[in-house]
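# Working through the structure, step by step
This is what each chain is made of:
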Amino acid sequence: MTPIKDQVFYQILNQVYDQVSNQVWDQVWDQVLDQVRGQVGGQVLNQVQDQVWGQVSDQVRSKMI
């Protein structure tokens, strides 16, 4: 290959690589974020529910006794 063809080839390769890696990165990042959000969200929700439920049931118990 001549140097000019080399340059063009590498430019195209870089562009394609950038596009592909950006798309893949976006998808992977979205999936990871969703999973993390799901896990963290689930844990936080469970803790909040537990706390609220604990408080409510304590209040109910104290009123019943």
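All of these numbers come straight from a predicted model, not from anything done at the bench.

What follows covers the pattern of salt bridges. Going through the model one piece at a time under the given rule, you end up with two salt bridges. Residue Asp34 is joined to Arg37 by a salt bridge in which the shortest nitrogen-to-oxygen separation is 3.0 Å. With Asp34 and Arg37 both in helix α1 (residues 3-64), this residue pair falls three residues apart, about one helical turn. For Asp34, a relative accessible area of 47% puts it in the partly exposed group. On the basis of relative accessibility, which here comes to 54%, the residue Arg37 falls in the exposed class. Asp58 serves as the salt-bridge partner of Arg61, at 3.0 Å between the closest nitrogen and oxygen.

Rules of the game
- Residue positions are given per chain, counting from 1 as you read along its sequence in written order.
- Only residues with pLDDT of 70 or above have their local features reported here, since the model is predicted, and side-chain atom pairs are shown and tallied only from 80 upward, although totals for entire chains, interfaces and linings are computed over all residues.
- As a convention, hydrogens and water are excluded, and side-chain values are obtained from all of the structure's heavy atoms.
- Between Lys or Arg on one side and Asp or Glu on the other, a salt bridge is scored when a side-chain nitrogen of the former is within 4 Å of a carboxyl oxygen of the latter.
- Runs of H or I in DSSP of at least four residues are treated as helices and runs of E of at least two as strands, each being numbered from the N terminus.
- Each residue gets one of three labels from its accessible area relative to the maximum for its type: buried under 20%, exposed over 50%, partly exposed in between, using a 1.4 Å probe on protein chains only.

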